[in-house]
Amino acid sequence: MKTKFKTYATAVLVILLLFSSKEIIAQDSVVYKSESQVTVFPVLWQQTSAEYRALCYQAFNFATLRLNEIPKKEIKKGNLAIITDLDETILDNSYVGAQLIKENKQMSDAEWNRWTNASKTTEVPGAVAFLQEASKKGITIFYISNRDTASVKTTLIDLKNLQLPNADAEHCLFKSNTSSKEVRRMAIEKEYKIVMLLGDNLNDFKNTFEKKSIADRFIATDAEQELWGKKFIVLPNATYGEWVSTLYNHEHKSDEEKEKIRRELLKGY
Ligand SMILES: [Mg+2]
């Protein structure tokens, strides 16, 4: 089983060398420079509001509750896994957004690498204690992230610094040729029973949310109503995510067009 995953992880790493893009730029389409007026509030919210902190604790408290509901005999089988996203689920990257706003700069590969190379990330409140607890119980943790290969080494430094469990390449399934995480989830599912998924983007849970309209994302969310706070644990992220590109119908738009669309989407009374 382990050999199989080692082979898979190696294959992923090799493919990662061939493709280079990143979640925060490609998928989430937040441009800090031109949209700094839009991003300053959510970044401040993440960094200064006790409400953000409380929401994170709430999420991990629910996760712990679900963890404790798993029967011991189930855990003893040794094939249970938790899948978690990294950015804004376990790792706090608000610092790079804040820095870009302060320097009036736009997100780029170079800026993202400058941030990750600094190894200055901190945990999302409550994340480390929860994952350590799950690991102690005998559950395997997999990190499915859309970070690129350039971030693999530095990410592992961060994961080890934070003393996160399963902090090795075998348990890090990073982006290969698609930002969809479905294939990577399915690969884990072949060997493990997934008991919980954690993420800040609904694409971290299921592929039914990918590249949909606002209305269809609502429908897909309603369809899983029973799972939120149970198998699916959601962390708050008001700065970036698929919800942002959804505003613009996942299409490239000029800053002026984006501003116009945002105003049109506001629902008054
Ligand atoms: Mg994320």
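Overview of the structure. What you see is a predicted model; the values in this text were computed from it and never measured.

Description of the packing of helix 6 (residues 94-102) against helix 7 (residues 109-117)
Helix 7 packs onto helix 6 with a crossing angle of 130° between their chain directions and a minimal axis gap of 10 Å. On the basis of their axis angle, the class for helix 6 and helix 7 is oblique. Crossing of helix 6 over helix 7 shows right-handed handedness. Along its contact with helix 6, which presents Tyr95, Val96, Gln99 and Leu100, the element helix 7 presents Glu111, Trp112, Arg114 and Trp115. Here the contact of helix 6 with helix 7 is composed, by residue class, of 5 nonpolar, 1 polar and 2 charged.

Describing the nonpolar core
Counting 35 residues, the largest nonpolar core has Ile82, Phe130 and Leu159 as its most contacted members. Looking at this core, the elements with two or more residues in it are helix 4 (50-69), strand 1 (80-84), helix 8 (127-137), strand 4 (140-144), helix 9 (152-161) and strand 6 (193-199). When residues in this core are grouped by element, the largest group, 6 residues, is from helix 4. Each residue touching Phe130, except ones within four places of it in the same chain, is listed here: Phe60, Ala63, Thr64, Leu67, Ile82, Met196 and Leu198. In this structure, Ile144, Phe209, Ala220 and Phe232 belong to the second largest nonpolar core, which totals 14 residues.

With respect to the pattern of salt bridges
Taken as a whole and assessed by the stated rule, the structure comprises 18 salt bridges. The shortest N-O distance in the salt bridge between Glu103 and Lys105 comes to 2.9 Å. Judged by its relative accessible area of 29%, Glu103 is partly exposed. Note on Lys105: relative accessible area 32%, which makes it partly exposed. For the salt bridge of Glu264 with Lys260, the shortest nitrogen-to-oxygen distance reads 3.2 Å. Of the two residues, Glu264 and Lys260 are both situated in helix 13 (residues 255-265); the distance of 4 residues between them amounts to about one turn of the helix.

Considerations on the pairing of strand 6
Strand 6 sits mainly inside the fold: 6 of its 7 residues count as buried. Two strands pair when backbone bridges link them, and strand 1 and strand 6 are joined in this way by 5 bridges, in the parallel orientation. Each residue of the ladder has a partner; that of Ile82, found in strand 6, is Met196. Where strand 6 and strand 7 (residues 232-234) come together, 3 bridges link them in parallel fashion. Bridge pairing links Leu197 to Phe232 in strand 7. A crossover connection joins strand 6 to the parallel strand 7 through helix 11 (residues 214-223); in handedness this β-α-β unit is right-handed.

Quick notes on the rules
- Residues numbered from 1 in each chain as written.
- Predicted model: local features only at pLDDT ≥ 70, side-chain atom pairs only at ≥ 80, totals over all residues.
- Heavy atoms only, no water.
- Axes fitted to C-alpha atoms, helices over the stretch in contact; angles between N-to-C directions.
- Helix = DSSP H or I, 4+ residues; strand = E, 2+ residues; numbered from the N terminus.
- Parallel < 35°, antiparallel > 145°, perpendicular 65-115°, else oblique.
- Left-handed = near helix turned anticlockwise from the far one by under 90°.
- Contact = heavy atoms within 4.5 Å.
- Nonpolar A, V, L, I, M, F, W, Y, C, P; charged D, E, K, R; others polar.
- Core = buried A, V, L, I, M, F, W, Y, C linked by side-chain atoms within 4.5 Å.
- Buried < 20%, exposed > 50% of the residue type's maximum accessible area, 1.4 Å probe, protein only.
- Salt bridge = Lys/Arg side-chain N within 4 Å of Asp/Glu carboxyl O.
- Pairing = 2+ DSSP bridges.
- Right-handed = clockwise from strand over helix to strand, strands pointing away.

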